[in-house]
Amino acid sequence: MKDFKTLVQCRRSHRRFTDREVSAEHLQLILRAALMSPTSMGRRNWHFAIVDNKRDIEKMADAKEMGSQFMKNAPLAIVVMGDPKSNDCWVEDGSIAAMSMQYQAEDLGLGSCWIQMRNRGLADGHTANEVIHGILGLPENLEVLCVLAIGHPADELKPQSEDDLKWENVIIKSDD
Ligand SMILES: Cc1cc2nc3c(=O)[nH]c(=O)nc-3n(C[C@H](O)[C@H](O)[C@H](O)COP(=O)(O)O)c2cc1C
């Protein structure tokens, strides 16, 4: 296991995966990280759908115009959802859960990539949310935030460079 400082630096978005499946043990650890993530008022009002069959993953890859085709090669997809009517922090709660899963995946030597679905869709007017509901038959109250593509990476990506960090975006307010 990498220390957290190194884990943060090494996490990159992987979009190429081998055919090897993600083990049940690793999947459980990834979901555990999501279910342990902090939520607004501790309500834990997020929902996840696990998709590991190629047919549905391939269909989900076509849920929006750009940036999702590579999902077709992933052995595992986790749909991150919330209920906007009962949780005004559904985007924040889902985002934190998604990121927790990405760090857990990285720690297990897996690669992952966030695929944005909220506010995305197809040129014919269908939203990515509608397309994914149509494929998976999800409860109507749930809205899709993103899909995480997860698998054993087929590429090697460089750790983030310390020299590229946007320290200029940090406003420092000191006392004097
Ligand atoms: C909110 C959000 C939406 C993203 N949407 C997509 C996406 O739809 N497709 C994709 O390939 N990558 C997506 N990414 C991954 C980013 O492109 C990636 O994090 C960024 O380019 C930095 O690269 P790195 O993760 O390797 O450091 C998304 C990331 C975030 C945080």
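Keep in mind it's a predicted model, so treat the numbers as computed, not measured.

The rules behind the values
Residues numbered from 1 in each chain as written. Predicted model: local features only at pLDDT ≥ 70, side-chain atom pairs only at ≥ 80, totals over all residues. Heavy atoms only, no water. Patch = residues over 30% accessible without salt bridge, like charges linked within 9 Å, V, L, I, M, F, W, Y side chains within 5 Å. Areas by Shrake-Rupley, 256 points an atom, 1.4 Å probe, with all protein chains shown as cover. Salt bridge = Lys/Arg side-chain N within 4 Å of Asp/Glu carboxyl O. Helix = DSSP H or I, 4+ residues; strand = E, 2+ residues; numbered from the N terminus. Near = heavy atom within 4 Å. Polar contact = N/O pair within 3.5 Å; in protein donor to acceptor, adjacent residues only side chain to side chain. Nonpolar A, V, L, I, M, F, W, Y, C, P; charged D, E, K, R; others polar. Core = buried A, V, L, I, M, F, W, Y, C linked by side-chain atoms within 4.5 Å. Buried < 20%, exposed > 50% of the residue type's maximum accessible area, 1.4 Å probe, protein only. Contact = heavy atoms within 4.5 Å. Expected span 1.5 Å × (residues − 1). Arc of directions from axis to C-beta. Axes fitted to C-alpha atoms, helices over the stretch in contact; angles between N-to-C directions. Left-handed = near helix turned anticlockwise from the far one by under 90°.

A.B. asks: Help me understand a nonpolar patch on the surface, please; the structure alone is not making it clear to me.
C.D. replies: A contiguous nonpolar surface patch, about 460 Å² in accessible area, is contributed by Leu165, Trp167, Val170 and Ile172. You can see Ile172 is positioned in the segment after β4 (143-151).

A.B. asks: I keep staring at the site of the ligand and nothing clicks. Help me out?
C.D. replies: All residues adjacent to the ligand are Arg11, Arg12, Ser13, Arg15, Lys64, Gly67, Phe70, Cys113, Trp114, Ile115 and Gln116. Note that an oxygen atom of the ligand is positioned 2.7 Å from one of the side-chain N or O atoms of Arg12. If the ligand stood free it would expose 620 Å²; the protein chains cover 59% of that surface. The residue inventory of the shell around the ligand, partitioned by class, reads 4 nonpolar, 3 polar and 4 charged.

A.B. asks: Got a minute to help me understand the nonpolar core in this structure?
C.D. replies: One recurring pattern in soluble globular proteins is that nonpolar side chains are buried together. Counting 25 residues, the largest nonpolar core has Met60, Met71, Val79, Met117, Ile132 and Val147 as the members making the most contacts within it. Within the residue set of this core, elements represented by two or more residues are β1 (46-51), α3 (54-60), β2 (76-82), β3 (111-116), α5 (128-136) and β4. Here the element with the most residues in this core is α5; it accounts for 4 residues. Setting aside residues up to four positions removed in sequence, Met117 forms contacts with Met60, Ala63, Lys64, Ser68, Met71, Ala128, Ile132, Val144, Leu145, Cys146 and Val147. The next biggest cluster of nonpolar side chains, apart from the first, holds 19 residues, and it includes Ala34, Trp46, Val80 and Ala97.

A.B. asks: Please clarify how helix α2 (residues 24-35) should be interpreted in this entry.
C.D. replies: The first and last C-alpha atoms of α2 sit 16 Å apart over 12 residues, in line with the 16 Å expected at 1.5 Å per residue. Along α2, the residues that are buried comprise His26, Leu27, Ile30, Leu31, Ala33 and Ala34. Down the axis, α2 shows its buried residues gathered within 150 degrees of arc, on one side only. Residues of α2 that are exposed and point over 90 degrees away from its buried face: Ala24, Glu25 and Gln28.

A.B. asks: I'm lost on the packing of α2 against helix α4 (residues 90-107) in this one. Help?
C.D. replies: Helix-helix packing: each pair is described by the crossing angle between the helix axes and the interaxial distance. Viewed as axis vectors pointing N to C, α2 and α4 meet at an angle of 145 degrees, and their least axial separation amounts to 8 Å. Along this stretch, α2 crosses α4, giving a crossing that reads as right-handed. Residue-level inspection shows Leu29, Ile30, Leu31, Ala33 and Ala34 of α2 in contact with α4, the latter providing Ala97, Ser100, Met101, Gln104 and Ala105. Along the lines of polarity and charge, the residues of the contact of α2 with α4 split into 8 nonpolar, 2 polar and no charged.

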